Amino acid sequence: MANRLTLAQRKRVARHLNTRASAPRCPMCNASSFRVRPEVSVLGPSDAADDAPLRAANVVCGYCGFVVQLDCDVIGLFDASDTSAAAS
Ligand SMILES: [Zn+2]
């Protein structure tokens, strides 16, 4: 399981934000300087075989540090058809 995003995957997260939502603005400081981090956060039980943990892409406000997390499965970031995931 990849715990880091490739550059192509980070661009895909940014594209998701720009197409599914309005131009992202920080809810804390209203800046529009979000950056997609390469690390993937794993939330929930990682040892339970029958309940896969949530994997989240982290998007950070470059001004105040507020962190937005997006579910990688909802975005389709690790879909089998996504060849960019194989590089990581
Ligand atoms: Zn902010």
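Every value quoted in this text rests on a predicted model; they were computed, and no experiment measured them.

Overview of the coordination of the zinc ion
Move 1: Around the zinc ion, the protein contributes the donor atoms Cys26 (SG), Cys29 (SG), Cys61 (SG) and Cys64 (SG), at 2.3 Å from the metal centre.
Move 2: Coordination at the zinc ion comes from 4 donor atoms whose angles at the metal span 102 to 116°, giving a geometry best classed as tetrahedral.
Move 3: Along the chain, the residues donating to the zinc ion are arranged with the sequence spacing C-x2-C-x31-C-x2-C.
Move 4: On the basis of relative accessibility, which here comes to 38%, the residue cysteine 64 falls in the partly exposed class.

Things to note about the pattern of salt bridges
Move 1: This model, assessed by the stated rule, comprises 3 salt bridges.
Move 2: A salt bridge links arginine 4 to glutamate 39; its shortest N-O distance comes to 4.0 Å. Linking arginine 4 in the segment before helix 1 (7-20) with glutamate 39 in strand 1 (residues 34-43), this pair joins segments that are 35 residues apart in sequence.
Move 3: Linking aspartate 73 and arginine 55 is a salt bridge whose minimum nitrogen-to-oxygen distance equals 3.3 Å. Here aspartate 73, found in helix 2 (residues 72-75), pairs with arginine 55, found in strand 2 (residues 54-61); they are 18 residues apart in sequence, far enough to count as distant.
Move 4: Overlapping salt bridges bring together Arg4, Arg37 and Glu39 as one network.

Focus: the environment of cysteine 72
Move 1: Locating cysteine 72 in the fold gives a position in helix 2.
Move 2: If near-sequence neighbours (up to four positions away) are discounted, cysteine 72 is found in contact with Val40, Arg55, Ala56, Ala57, Leu77 and Phe78.

Overview of the confidence of the model for the protein chain
Move 1: Averaged over the protein chain, the pLDDT score is 84; the fraction of residues at 70 or greater is 81%.
Move 2: Looking across the protein chain, the model is least confident in helix 1, with a mean pLDDT of 89, and most confident in strand 2, with 95.
Move 3: Here residues 83-88 is modelled with pLDDT under 50, and outside its nearest four sequence neighbours on either side it reaches 10 contacts, counting other chains as well.

Cut-offs and rules
- Residues numbered from 1 in each chain as written.
- Predicted model: local features only at pLDDT ≥ 70, side-chain atom pairs only at ≥ 80, totals over all residues.
- Heavy atoms only, no water.
- Donors = N, O, S within 2.8 Å, 3.2 Å for Na, K, Ca; no water.
- Tetrahedral: all angles 85-135°; square planar, octahedral: opposite > 155°, others 65-115°.
- Buried < 20%, exposed > 50% of the residue type's maximum accessible area, 1.4 Å probe, protein only.
- Salt bridge = Lys/Arg side-chain N within 4 Å of Asp/Glu carboxyl O.
- Helix = DSSP H or I, 4+ residues; strand = E, 2+ residues; numbered from the N terminus.
- Contact = heavy atoms within 4.5 Å.
- pLDDT = per-residue confidence, 0-100.

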